[in-house]
Amino acid sequence: MAADGIWQTIRHIIPSFTALLAKRARGCLICGNRCDSKQPGQFGALCESCYRAIPWITRVYCPVCGRPERCPDCVRRRQAAFIANRSAVHYDAAIREWLALYKYRGHQALEPLLGDMLIIAFRGLKAQLSRHNHNSVPQYFEAVVPVPVSESRLLERGFNQAERLAARLAASEELPLWDVLRRTRHSDKQSLKTRGARLRDTLHLFAADVAEMTHLLQSMIQQRPSTVAPVSCRLFLVDDIYTTGSTANACAETLLIAMKQAAPAVPIEIYCVTLARS
Ligand SMILES: [Zn+2]
Ligand SMILES: [Zn+2]
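A short tour of the structure in this document, coming up. On a predicted model such as this, the values are computed, not experimentally measured, just so you know.

**Focus on the overall build of the chain**
Broken down by element type, the chain carries ten helices and six strands. Counting across all 278 residues of the chain, residues that qualify as buried make up 44%. Long-range pairs, those at least 24 residues apart, make up 71% of the contacts in the chain with a sequence separation of at least 6. Only carbon and sulfur atoms are counted for the fraction: they give 56% of the accessible area of the chain, which is about 14900 Å².

**Looking at helix α7 (residues 161–173)**
The end-to-end C-alpha distance of α7 is 18 Å, a good match for the 18 Å that 13 residues give at a rise of 1.5 Å each. Residues of α7 that are buried include every one of Gln161, Ala162, Leu165, Ala166, Leu169 and Ala170, and no others. Down the axis of α7, the buried side of the element spans an arc of 165 degrees, and every buried residue falls inside it. The N-terminus of α7 is capped by Asn160, whose side-chain oxygen sits 3.0 Å from the backbone nitrogen of Ala162. After α7 finishes, the residue Glu174 shows a positive phi value of roughly 55 degrees.

**Notes on the coordination of the zinc ion (ligand 2)**
Binding of the zinc ion (ligand 2) to the protein goes through Cys62 (SG), Cys65 (SG), Cys71 (SG) and Cys74 (SG), at separations of 2.2 to 2.3 Å. Here the zinc ion (ligand 2) is ringed by four donor atoms whose angles at the metal span 104 to 123 degrees, and the overall shape comes out tetrahedral. Going along the chain, you hit the donors of the zinc ion (ligand 2) in the pattern C-x2-C-x5-C-x2-C. The buried category is assigned to Cys74, whose relative accessible area is 15%.

Reading the values: rules and limits
Positions within a chain are numbered from 1, following the residues in the order the chain's sequence is written. To label them, take the chains in the order written and letter them from A, then take the ligands in the order written and number them from 1. Under the rules for a predicted model, residues below a pLDDT of 70 receive no local features and side-chain atom pairs below 80 are neither given nor counted, while totals for whole chains, interfaces and linings still include all residues. Only hydrogens and water are set aside; all other atoms, that is, all heavy atoms of the structure, feed into the side-chain values. Every helix listed is a DSSP run of H or I at least four residues long, and every strand listed is a run of E at least two residues long, numbered separately from the N terminus. Only protein chains enter the accessibility calculation, which uses a 1.4 Å probe; a residue whose area is less than 20% of its type maximum is buried, one above 50% is exposed, and one in between is partly exposed. Only heavy atoms enter the contact rule, under which two residues are in contact if any of them lie within 4.5 Å. Every accessible area reported is derived by Shrake-Rupley at a probe size of 1.4 Å, with residue values counting cover from the shown protein chains alone. One less than the residue count of a helix, multiplied by 1.5 Å, gives the span that helix is expected to have. In this description, one arc is meant: the one made by directions from the helix axis to the C-beta atoms. Polar contacts, as counted here, are pairs of nitrogen or oxygen atoms within 3.5 Å of one another; within protein the pair requires one atom able to donate a hydrogen and one able to accept it, and residues that are adjacent in sequence qualify only if both atoms are side-chain atoms. Excluding water, the donors of a metal are its N, O and S neighbours within 2.8 Å, or within 3.2 Å for Na, K and Ca, and that exclusion means sites may look incomplete. Irregular is the default label, applied whenever a site is not tetrahedral (four donors, all angles between 85 and 135 degrees) and neither square planar nor octahedral (four or six donors, opposite donors over 155 degrees apart, all other angles between 65 and 115).

In short, geometric facts, not functional conclusions.
This is the structure in structure tokens:
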């Protein structure tokens, strides 16, 4: 009986001890160094030094694009089609490297971590929105819309990072994912161009699937209880990097035009949530 008891105890201890060893021996997702981080969620996959390297944006200077310093782009843009952008982090050398690992070097294991960073930016934006409309809150239909990549880039990379991150955000926040935008042609790397060239380049770069939007919106309207007040639609555009806002703006303009066709009576607000702000 006593021997049985000891054996039972050992059988319980061995697996948890092995699990503990496995946990301790784990390497950091970024640098591979030993990782026994106490950070919550996906951030526990980083060693303390990589975790501390995350350049969080904690103060917003430009209310439109969420830039942490004075912003010439939003001053020059007469009117943005989106209301505001919020990014989780600065696009510094570390984040450039992390995104390159994920996008070009097949480190798919980084996706949950990048997704969690995007979710933090989204929750910050939502907290601000709820502080601003505490009175007479209209009912919002909310959906997440990924910024599309071109067919050729999709073929070369095998996935659209914006779509993957948007799907994580949608799942975590229980929002529908509206994959309704298409890129009509391939454009060269935006970051290598002048601002003027970027703006010309994004003209008619995107198209929206109006039939799909109408269908998605109707199914949202049907699900809502019949007693509630007027409805607005709030769309959250998702991309990995925000540079001048020309891509976000072109997507938002396309969505506004398409929503006018799909549901002319429904007011629409477009926000943008991005992982990094360059
Ligand atoms: Zn590390
Ligand atoms: Zn700005």
